[in-house]
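Structure at a glance
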Amino acid sequence: MRIVFLGPPGAGKGTQAVRLAEKLGVAHLSTGEVLRQAQAGGTELGQQAASYWERGELVPDEMVERLVAGRLKDDDCQTGCLFDGFPRTVPQALMLDRLLAERGQPLDLVVDLDVPQEELQRRLCQRGRADDCEQTVRQRLRVYQEMTRPLTDYYEAFGGLRRIDAVGELDDVFDRVWAAVEEVRK
Ligand code: AMP
């Protein structure tokens, strides 16, 4: 299966995606994680990317495309893949469509994790990661509204979008995500 996880920063995409990938036995592709690993490994791409995310900005589409195109060729992505934090812009969604069409591997489902703005601000400020300080949090939420939110319309048109209430216990949210997956597996 190929599933995209959408939702604002702080919605719990990573946690839910890791869990679902394990349960389905498919790869988990988090572009944020790949970028952080690239920085930790001291690569040039990693250093360049860090200068964007430290300001709460998105990394340019071309850099993300290179990463994703490379990762999709890995063996573990052939049976399925959960895309976490990608796509984040409409051009990235078009790019993903193209990459998947080339492989004859269509998307099965787009999960949109829904959390109210005030709750997000609270969650992100508690998380305390280096790029999550107050001002950066506001910037990340602003970038989400401007650049990523329009993707829900894009995927609404595609027809496979399921909006999931992501407030509450992790287990309860996961049950809702799982119910949506089961529906498309029927
Ligand atoms: P995440 O761990 O998904 O919250 O990503 C952390 C940071 O990495 C984001 O705030 C962006 O700066 C960058 N990033 C991750 N995925 C993407 C993407 N698909 N497009 C652009 N930037 C990204």
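Scroll up to find the structure.
Read on for an overview of the structure. (Residues numbered from 1 in each chain as written. Predicted model: local features only at pLDDT ≥ 70, side-chain atom pairs only at ≥ 80, totals over all residues. Heavy atoms only, no water.)

**Notes on helix α4 (residues 61-72)**
With 12 residues, α4 should cover 16 Å at 1.5 Å per step; its first-to-last C-alpha distance of 16 Å lies within 8% of that length. Residues Met63, Val64, Leu67, Val68, Ala69, Arg71 and Leu72 constitute the buried set of α4. Buried residues belonging to α4 abut β2 (27-30), α2 (31-40), α3 (44-53), β3 (81-84) and α5 (90-103). (Helix = DSSP H or I, 4+ residues; strand = E, 2+ residues; numbered from the N terminus. Expected span 1.5 Å × (residues − 1). Buried < 20%, exposed > 50% of the residue type's maximum accessible area, 1.4 Å probe, protein only. Contact = heavy atoms within 4.5 Å.)

**With respect to the pattern of salt bridges**
Tallied over the full model, the rule gives 12 salt bridges. Here Arg98 and Glu102 are joined by a salt bridge, their closest N and O atoms 4.0 Å apart. Of this pair, Arg98 and Glu102 both sit in helix α5, four residues apart, which is roughly one turn of the helix. In this structure Arg98 comes out as partly exposed when scored by relative accessible area, which is 40%. (Salt bridge = Lys/Arg side-chain N within 4 Å of Asp/Glu carboxyl O.)

**Regarding the site of the ligand**
Surrounding the ligand, one finds 14 residues, the nearest of these being Thr31, Glu57, Gly85, Arg88 and Gln92. The separation between an oxygen atom of the ligand and a polar main-chain atom of Glu57 is 2.7 Å. In this structure, an oxygen atom belonging to the ligand sits 3.0 Å away from a side-chain N or O atom of Arg140. For the ligand, whose free accessible area comes to 480 Å², the fraction covered by protein is 94%. The leading source of residues in the shell around the ligand is α2, at four residues. Tallied by class, residues from the shell around the ligand come to six nonpolar, four polar and four charged. (Near = heavy atom within 4 Å. Polar contact = N/O pair within 3.5 Å; in protein donor to acceptor, adjacent residues only side chain to side chain. Areas by Shrake-Rupley, 256 points an atom, 1.4 Å probe, with all protein chains shown as cover. Nonpolar A, V, L, I, M, F, W, Y, C, P; charged D, E, K, R; others polar.)

**A look at the sheet that holds β3**
With parallel pairing, the five strands of this open sheet are ordered in space as β2-β3-β1-β4-β5. Looking at which strands have only one partner, the edges of the open sheet turn out to be β2 and β5 (161-165). Each adjacent strand pair in this sheet contributes to an overall mean axis angle of 20°, direction not counted. Here β2 pairs with β3 via four bridges, running parallel. Residue Ala27 lies in a different strand from β3, and its bridge partner there is Cys81. Where helix α9 (residues 170-185) meets the sheet, its contacts fall on β1 (2-6), β4 (109-114) and β5, and the angle it forms with β5 comes to roughly 160°. (Pairing = 2+ DSSP bridges. Axes fitted to C-alpha atoms, helices over the stretch in contact; angles between N-to-C directions.)

**Regarding the nonpolar core**
Among the nonpolar cores identified, the biggest contains 30 residues, and Val4, Phe83 and Tyr155 are the most heavily contacted of them. Elements with a contribution of two residues or more to this core: β1, β2, α3, α4, β3, α5 and α8 (150-158). The element contributing the most residues to this core is α4, with six residues. With residues up to four places along the chain from it excluded, the contact list for Phe83 reads Arg2, Ile3, Val4, Phe5, Leu29, Leu72, Leu96, Leu100 and Leu107. Residues Leu20, Leu24, Val177 and Ala180 belong to the second largest nonpolar core, which totals 26 residues. (Core = buried A, V, L, I, M, F, W, Y, C linked by side-chain atoms within 4.5 Å.)

**Comments concerning the pairing of β3**
Both faces of β3 are covered, namely the face carrying Cys81 and Phe83 and the face carrying Leu82 and Asp84. Examined bridge by bridge, β1 and β3 share four bridges and lie parallel to one another. Opposite Arg2, over in β3, you have Cys81 as the bridge partner.

**Re the side chain of Gln16**
Structurally, the position occupied by Gln16 is in helix α1 (residues 13-24). Overall, Gln16 belongs to the buried group, its relative accessible area being 3%. Gln16 has contacts with Phe5, Leu113, Leu170, Val173, Phe174 and Val177, leaving out every residue within four places of it along the chain.

**Topic: the environment of Gly41**
With respect to the helices and strands, the residue Gly41 is situated in the loop between α2 and α3. Taking the relative accessible area as the measure of exposure, Gly41 reaches 60% and is therefore exposed.

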